[in-house]
Amino acid sequence: MISGITTGVHAQYNCGALSPASIASEQTYSRAHTFLRVPHADHAGAGDFAVLGVPLDIATSNRPGARLGPDAVRSASAQLAELKSYPGGFDPLSHVRIVDLGDALLDFGFPHTIPAAIEEAAFNVVSAGAFLCALGGDHFISYPLLKAHARKYGQLALIHFDAHPDTWTPRTGPGGEVEINHGTMFAQAIHDGLIDPSRSSQIGIRTWVDDPMGMNIFDSMAVAAKGPDQIVAMVKALAGDAPCYLTVDIDCLDPAFAPGTGTPVMGGLTPRELLAMLRGLDGLRIVGCDVVEVAPAYDQAGITALAAATVVYEEACRFARMHGARAISYPVPGKSLARNAAQ
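None of these values were measured; they are calculated from a predicted model.

Q: I would appreciate a short explanation of the overall build of the protein chain in the present structure.
A: Secondary structure assignment for the protein chain yields nine helices and 10 strands. Looking at the protein chain as a whole, 56% of its 343 residues are labelled buried. The contacts in the protein chain between residues at least 6 apart in sequence include a share of 74% that link residues at least 24 apart. Surface exposure of the protein chain reaches about 14200 Å², of which carbon and sulfur atoms provide 56%.

As structure tokens, this is what we get:
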């Protein structure tokens, strides 16, 4: 079935044929789930921006269920394909070849093979030259994803939205093996040299860790006090021109806005704050991203999945602006539509 906004994509990515106005040819609640209903592809070279599900939740410390997150995010994204972006007024699919690679194949019968499987699935995308956006899954998946990106780009600056710093000290087992779960993986990533903590930022934090390991923490109270614009300015100054990896744990949002997650924490960011900061990251050298910890069993009316889908959509819009999309905004009363020449 060829329909609506994906029509041009099926036709050799004839981007000029893509239009949200044609979405009436198919209901938002129909068809197999891919992100934004873009084509499913079996190799990353088919697109510029590749979505990959990583359905893992065996590293979570509280409520499981994030393995079902990728499908929930894809389902929630269908309505985002109906209209042009807001703000901006453009269709990102007219500027970016987005493909959905489905989910990484993880062998739960041999769990010790899973980290390497995630890393290789991600590196296949990165080495093909596509921008990777991974859908979790619990937050442990960021560790092998960082390894894959560091193989190409070297040490990374981490831009991390979360309720938790995830730098708790890993335990060591009797055989010398090191524990890595969804609360210790960034401590291990720093230890491994994957990320530079001095250039990295953690935003929305509201849980305590004794050793922040040199990370720059902008907690949820700082965001409320300073506002998104000031926070983003400091984040960008710290990162500079370093290759950046963006990771968004959906529990950065207050549970009022994102109840469907494994470890909700009161006092979080509002969706407006999160979106304002994501939109302010233009100009950073972001080389990959993930959105994690959507656990649909605890969701209410799909609002957590919608929040996560919107985060990915915002990344697609940022990518589109990098590739020529011109953003417009609603006019101030009495003035005409103003185009932002910088975008």
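Q: Sorry if this is basic, but what is going on with the nonpolar core here?
A: In a soluble, globular protein the nonpolar side chains are often hidden away together inside. Within the largest apolar cluster, 59 residues are counted, with the highest numbers of intra-cluster contacts made by Ile-159, Phe-161 and Leu-281. Here the element with the most residues in this core is helix H9 (residues 303-322); it accounts for 11 residues. Once residues lying within four places of it in the same chain are set aside, the contact partners of Leu-281 are Ile-159, Phe-161, Val-232, Val-235, Lys-236, Leu-246 and Ile-286. Residues Val-54, Leu-106, Ala-121 and Ile-190 belong to the second largest nonpolar core, which totals 40 residues.

Q: What is the right way to read the side chain of His-164 from this model?
A: As for its position among the elements, His-164 is in the loop between strand S4 (157-161) and helix H5 (185-191). Here Asp-251 takes part through its side chain, which lies 3.3 Å from a polar atom of the side chain of His-164. In this structure His-164 touches Ile-205, Thr-207, Asp-251, Thr-263 and Val-265, once residues within four positions along its chain are discounted.

Q: What exactly am I supposed to notice about the pairing of strand S5 (residues 201-205) here?
A: Side chains on a regular strand alternate between the two faces of the sheet. Within S5, five of the five residues are buried, leaving the element largely enclosed by the surrounding structure. Looking at chain direction, S4 and S5 are connected through three bridges and run parallel. Within S5, the position partnered with His-160 by the bridge is Gln-202. Handedness of the crossover joining S4 and S5 through H5: right-handed. As paired strands, S5 and strand S6 (residues 216-219) are joined by four bridges and run parallel to one another. Residue Ser-201 lies in a different strand from S6, and its bridge partner there is Asn-216.

Q: Is there a simple way to explain the sheet that holds S4 in this structure?
A: Adjacent strands of a sheet form backbone hydrogen bonds with each other and so pair up, either parallel or antiparallel. Strand order in the open sheet formed by eight strands is S2-S1-S3-S8-S7-S4-S5-S6, with parallel pairing between adjacent strands. The two strands at the open ends of the sheet, each matched to only one other strand, are strand S2 (98-103) and S6. Strand-to-strand twist across the sheet, computed as the mean angle between neighbouring axes with direction ignored, equals 20°. In the packing of helix H3 (residues 114-127) onto the sheet, contacts are made with strand S1 (49-54), S2 and strand S3 (131-136), and the angle to S1 comes to roughly 170°. Helix-sheet contacts for helix H8 (residues 271-279) involve S4, S5 and strand S7 (243-249), and the interaxial angle to S4 is about 160°.

Q: Looking at this structure, I do not really get the packing of aromatic side chains. What am I missing?
A: Two numbers describe a pair of aromatic rings. These are the distance of the centres and the angle of the planes. Under the defined criterion, the tally for this structure stands at five aromatic pairs. Centroid distance Phe-49 to Phe-319: 5.7 Å. Interplanar angle 70°. Geometry classified as edge-to-face. Of this pair, Phe-49 sits in strand S1 while Phe-319 sits in helix H9, placing them 270 residues apart in sequence. Each of the two residues, Phe-49 as well as Phe-319, counts as buried. A centroid spacing of 6.3 Å and a plane angle of 40° characterise the contact between Phe-140 and Tyr-143, whose relative ring orientation is tilted. With respect to class, Phe-140 is no different from Tyr-143; both count as buried. One aromatic cluster in this structure is built from Phe-49, Phe-131 and Phe-319. Above the ring of Tyr-298, the side-chain terminus of Arg-63 is found at 4.1 Å from the ring centroid.

Q: Would you explain the environment of Asn-181 in this entry?
A: Looking at the secondary structure, you find Asn-181 in the loop between S4 and H5. Here Asn-181 falls in the buried class, since its relative accessible area comes to 18%. Along the sequence, Asn-181 and Asp-166 sit 15 residues apart, while their C-alpha atoms lie 8.9 Å from each other. When sequence neighbours within four positions are dropped, the list of residues in contact with Asn-181 reads Ala-59 and Phe-140. In terms of polar contacts, Asn-181 uses its side chain to reach the backbone amide nitrogen of Gly-183, at 2.7 Å.

Q: Looking at this model, I keep getting lost on H3. Mind explaining?
A: Since the α-helix turns once every 3.6 residues, residues separated by three or four places project in the same direction. The end-to-end C-alpha separation of H3 is 20 Å, in line with the 20 Å expected for 14 residues at 1.5 Å each. Here H3 has its buried residues at Ile-114, Ile-118, Glu-119, Ala-121, Ala-122, Phe-123, Val-125 and Val-126. Looking at the buried positions of H3, the neighbouring elements they touch are S1, S2, S3 and helix H4 (142-153).

Q: Just to check I follow, could you spell out the environment of Pro-39 for this structure?
A: Tracing the chain through its elements places Pro-39 in the loop between helix H1 (7-10) and S1. Given a relative accessible area of 13%, Pro-39 falls into the buried group. Considering only alpha carbons, one finds Pro-39 and Val-99, 60 residues apart in sequence, at a separation of 5.6 Å.

Calculation notes
- Residue numbers restart at each chain and count upward from 1, following the sequence in its written direction.
- Given that this is a predicted model, residues contribute local features only at a pLDDT of at least 70 and side-chain atom pairs are listed and counted only at 80 or more, while totals for whole chains, interfaces and linings are drawn from all residues.
- Where side-chain values are given, they derive from all heavy atoms of the structure, hydrogens and water being excluded.
- Secondary structure follows DSSP: runs of H or I at least 4 residues long count as helices, runs of E at least 2 residues long count as strands, and numbering of each begins at the N terminus.
- Summary of the burial criterion: residues with accessible area below 20% of their type's maximum are buried, those above 50% are exposed, and those between are partly exposed, where the area comes from a 1.4 Å probe applied to protein chains only.
- Contact definition: two residues touch when any of their heavy atoms are within 4.5 Å.
- Note on areas: Shrake-Rupley, 1.4 Å probe, and residue coverage restricted to the protein chains presented here.
- Only buried residues count toward a nonpolar core, which is a set of Ala, Val, Leu, Ile, Met, Phe, Trp, Tyr and Cys residues joined through side-chain atoms within 4.5 Å.
- Polar contact criterion, stated in full: a pair of N or O atoms within 3.5 Å, where within protein one must be able to donate a hydrogen and the other to accept it, and residues adjacent in sequence count only if both atoms are side-chain atoms.
- Each pair of strands is called paired provided DSSP finds at least two bridges between the two strands.
- Classification remark: right-handed applies to a crossover when, strands pointing away from the viewer, the course from the first strand over the helix to the second runs clockwise.
- For every element, the axis is a line fit to its C-alpha atoms; helices are fit only across the contacting stretch, and the angle between N-to-C directions ranges from 0 to 180 degrees.
- Only Phe, Tyr and Trp rings take part, Trp by its six-membered ring, and two of them pair if their centres are within 6.5 Å. Stacked means planes under 30 degrees apart, edge-to-face means over 60, and tilted covers everything else.
- Working rule: Lys NZ or Arg CZ, within 6 Å of ring centre, within 35 degrees of ring normal, means a charge sits over the ring.
- One less than the number of residues in a helix, times 1.5 Å, gives the span that helix is expected to have.

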